[in-house]
Amino acid sequence: MAAPPPLPTSNQPNVIDRAIGLACADKLEEALRWVVAELNRDATGSIAALLTSRWLGELGREEAARAGFETCVTRAIAAGQLPVAVAACAELRRFGGDALSCYRQIAKAYAEGSASLGERAMEPPALGGAQEVEQPLPESFRGDTLLDEACDALAAAKQALPSEPPSDLPQQPLFSSLGEGALAAFVEIFELRLVDAEERVISEGELGTSAYVVVRGELEVSKQAEAGEVRLARLGGGALVGEMALISRAPRAASVSALRPSLLLTATKESLDALAEREPAVGDEFASRFRRRMVENLVRTSSILRAVRAKERHTLVERFVTRAFEAGERIIEQGQSSDGLHLIASGSVQVAHREEDGEALPIAELGVGEVVGEVALVLRRPSNADVVARIPTVTLHLPHVGFHSLIKQHPALLAELYDLAVQRDEQTSSIVAQEATEVDDFVLI
């Protein structure tokens, strides 16, 4: 989950909120009256132009809608609002327009090395406030009268387009790290989705099938804990969320809900996988991003890494190698010497002691931030349990050969691992002994 700069707005409903909410309730003419009134007030508003074009097309004026989307793409690019431009392209394609030139227009402006890019960071599009219109178009604007007014508003928006080519555009996280061809292909996989306030976008624990970019609106990220639901973050325009589950194939680590009516770009896992095959640069960038995000999460959450001074943690983790395991795959085998230390970066594992009859005695389930392999590595003896991936799991692996040089540089890490190894070894021995006692009691009875 990637967050853009802090959101600049209040939680008060505004024109766009009202319009999206009405559209989600299938009240398209009412929604259109609001956004056309706003577009009449400000012909440069790219969100109002996007929504006016969308609902104009859904109400039958597809040719005017296509022209409106083209206007919106140009306006959004010039305003530094790449997600809005991508949304307009997706809608242009949906309504039968030739979106290819618009996708290329986006890529030319925002790809890595583009002469149009400056040094400034991206800013989320304004959500609106007190300066907006307070009333929609009158109810007398309905049917063809309303659609004609919408067409006129879009024509005025086209006349208000800037005459100069865009310059000093903001760098876009992820997007601006791709070359022109890869970026053009990447933005093509997105579609536009409208969500109403309080609508659940992602549910914790489900398998991830889509990633999202916030075009406009606010999302809240939350997670279940023993004390109840914990709010983790609030995301606005430009935020990318949900991509980690697509890459790692682990269940969603948190829930995401809309705080207000919002516009989202959505891309499926299937489309992303297919794109990565065609455009390896996209797959490479996502893999690099995935590792960076794993490291950031682990640096904050791992008790083992906290034994190392904060400024040394990133350097330490860079010595680990990323490894992926399918559900049911054995990471560590009981009775075998250590192949190194595994730091769980995503997914979860089950630790189980194998009895002489082959039956597995569960010892523990471990998740993100935990380490496995420390007993055999630190105590220098064969592992006393199997460690198996419960779900698709990614670990950061420190091979046995690199361990000794590492602990010379970070002696506090050895002390932490030794305490953990002794504790877990005693826990396993205790559970195995207890199981044997219960079996003996059963036989005696």
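Owing to the predicted nature of the structure, the values given are computational and were not obtained by experimental measurement.

J.: Can you help me understand the nonpolar core in this one?
T.: Grouped burial of nonpolar side chains is what soluble globular proteins tend to show. Counting residues in hydrophobic clusters, the biggest one holds 78 residues, and the most contacted among them are Trp 55 and Phe 186. Looking at this core, the element that brings in the most residues is helix 5 (residues 82-94), giving nine residues. Look past the residues within four positions of Trp 55 in its chain and what remains in contact with it is Ala 19, Ile 20, Ala 23, Leu 28, Ala 31, Leu 32, Val 35 and Leu 194. Leu 305, Leu 341, Val 371 and Leu 406 belong to the second-largest nonpolar core, a separate cluster that totals 26 residues.

J.: Before we go on, may I ask you to explain the packing of aromatic side chains in this structure?
T.: Here a ring pair, both rings aromatic, is described through the centre-centre distance and the interplanar angle of the planes. Applying the stated rule across the entire model yields four aromatic pairs. Residues Phe 175 and Phe 186 carry aromatic rings whose centres are separated by 5.3 Å and whose planes lie at 35° to one another, so their mutual orientation is tilted. Within this pair, whereas Phe 175 is found in the loop between strand 2 (169-171) and helix 8 (180-187), its partner Phe 186 is found in helix 8, the two being separated by eleven residues in sequence. A relative accessible area of 6% means that Phe 175 is categorised as buried. Note on Phe 175 and Phe 190: the rings are 6.3 Å apart at their centroids and 40° apart in plane angle, and the pair reads as tilted. Here the residue Phe 175 occupies a position in the loop between strand 2 and helix 8, and Phe 190 occupies one in the loop between helix 8 and strand 3 (191-195), the gap between them amounting to 15 residues. Through a chain of ring-to-ring contacts, three or more aromatic side chains come together here, namely Phe 175, Phe 186 and Phe 190.

J.: What am I meant to see in the pairing of strand 18 (residues 393-399) here?
T.: Along any regular strand the residues' side chains alternate between the sheet's two faces. Of all seven residues making up strand 18, six are buried, and the element is well covered by its neighbours. As paired elements, strand 11 (residues 321-325) and strand 18 share five bridges and run antiparallel to each other. Pairing of Arg 323 across the sheet is with Thr 395, part of strand 18. Two strands pair when backbone bridges link them, and strand 13 (residues 340-346) and strand 18 are joined in this way by six bridges, in the antiparallel orientation. Following the sheet pairing, Leu 343 is matched in strand 18 by Leu 396.

J.: Mind showing me how you'd approach the confidence of the model for the chain here?
T.: Close inspection of predicted coordinates is inappropriate in any region flagged by low pLDDT. On average, residues of the chain carry a pLDDT of 84, and 91% of them reach 70 or more. Within the model, the stretch residues 2-10 combines pLDDT values under 50 with 24 contacts to residues more than four positions away or in other chains. Counting contacts from residues 438-445, a segment whose pLDDT is below 50, to residues more than four positions away or on other chains yields zero contacts.

J.: Is there a simple way to explain the packing of helix 3 (residues 46-58) against helix 5 in this structure?
T.: For any two helices packed against each other, one specifies the crossing angle of their axes together with the interaxial distance. For the pair helix 3 and helix 5, interaxial distance at closest approach is 10 Å and the crossing angle is 15°. Between helix 3 and helix 5, the angle is such that the two are roughly parallel. Seen from above, helix 3 lies across helix 5 with left-handed handedness. Packed against helix 3, whose contacting residues are Ser 46, Ile 47, Leu 50, Arg 54 and Glu 58, the element helix 5 presents Val 84, Ala 87, Ala 88, Glu 91 and Arg 94 at the interface. Residue composition of the contact of helix 3 with helix 5, grouped by class: five nonpolar, one polar and four charged.

J.: What am I meant to see in the packing of helix 1 (residues 15-24) against helix 2 (residues 28-41) here?
T.: Orientation of helix 1 relative to helix 2, taken along the N-to-C sense of each, is 160°, at an axis distance of 7 Å. Taken together, the axes of helix 1 and helix 2 lie roughly antiparallel to each other. When the axes of helix 1 and helix 2 are compared, the crossing they make is left-handed. The residues of helix 2 that touch helix 1, namely those facing Val 15, Ile 16, Arg 18, Ala 19, Leu 22 and Ala 23, are Leu 28, Glu 30, Ala 31, Trp 34, Val 35 and Glu 38. Taken together, the residues of the contact of helix 1 with helix 2 sort by class into nine nonpolar, no polar and three charged.

J.: Help me out: how do you make sense of unusual backbone geometry in this one?
T.: Residues other than glycine predominantly adopt negative phi, and peptide bonds predominantly adopt the trans conformation. With phi around 65°, Asp 26 is a residue other than glycine that occupies positive phi space. Mapped onto the secondary structure, Asp 26 falls in the loop between helix 1 and helix 2. One non-glycine residue with positive phi stands out, namely Asp 168, at about 55°. Tracing the backbone shows Asp 168 in the loop between helix 7 (143-159) and strand 2.

J.: Just checking my understanding: could you explain the sheet that holds strand 3 for this structure?
T.: To summarise the sheet geometry, strands pair through backbone hydrogen bonds and adopt either a parallel or an antiparallel arrangement. Strand order in the open sheet formed by four strands is 3-10-5-8, and the pairing between neighbours is antiparallel. Edge positions in the open sheet fall to strand 3 and strand 8 (240-241), since each of these has one partner strand only. Of the pairings in the sheet, the one linking strand 5 (residues 210-216) to strand 8 comprises two bridges and is antiparallel in character. Bridge pairing in strand 8 links Val 213 to Leu 240. Against the sheet, helix 3 touches strand 3, strand 5 and strand 10 (262-268), its axis set at about 95° to strand 3.

J.: Would you take a moment to explain the pattern of salt bridges for this structure?
T.: Side chains carrying opposite charge are able to pair once their charged atoms draw close together. Under the defined criterion, the tally for this structure stands at 21 salt bridges. Among the salt bridges present, the one from Glu 58 reaches Arg 54, with a minimum N-O distance of 3.6 Å. Of this pair, Glu 58 and Arg 54 both sit in helix 3, four residues apart, which is roughly one turn of that helix. What makes Glu 58 partly exposed here is its relative accessible area of 32%.

J.: How should the environment of Asp 386 be read in this particular structure?
T.: By the element assignment, Asp 386 lies in strand 17 (residues 386-389). A C-alpha to C-alpha distance of 47 Å links Asp 386 and Asp 196, two positions 190 residues apart in sequence. Those residues within four positions of Asp 386 in sequence are excluded, and the remaining contacts are Arg 330, Ile 332, Glu 333, Gln 334, Gln 350, Val 351, Ala 352 and Arg 354. Reaching out from Asp 386, the side chain makes a polar contact with the backbone nitrogen of Gln 334 at a distance of 2.6 Å.

Quick notes on the rules
Residues numbered from 1 in each chain as written. Predicted model: local features only at pLDDT ≥ 70, side-chain atom pairs only at ≥ 80, totals over all residues. Heavy atoms only, no water. Core = buried A, V, L, I, M, F, W, Y, C linked by side-chain atoms within 4.5 Å. Buried < 20%, exposed > 50% of the residue type's maximum accessible area, 1.4 Å probe, protein only. Helix = DSSP H or I, 4+ residues; strand = E, 2+ residues; numbered from the N terminus. Contact = heavy atoms within 4.5 Å. Phe/Tyr/Trp six-rings, centres within 6.5 Å; stacked < 30°, edge-to-face > 60°. Pairing = 2+ DSSP bridges. pLDDT = per-residue confidence, 0-100. Axes fitted to C-alpha atoms, helices over the stretch in contact; angles between N-to-C directions. Parallel < 35°, antiparallel > 145°, perpendicular 65-115°, else oblique. Left-handed = near helix turned anticlockwise from the far one by under 90°. Nonpolar A, V, L, I, M, F, W, Y, C, P; charged D, E, K, R; others polar. Salt bridge = Lys/Arg side-chain N within 4 Å of Asp/Glu carboxyl O. Polar contact = N/O pair within 3.5 Å; in protein donor to acceptor, adjacent residues only side chain to side chain.

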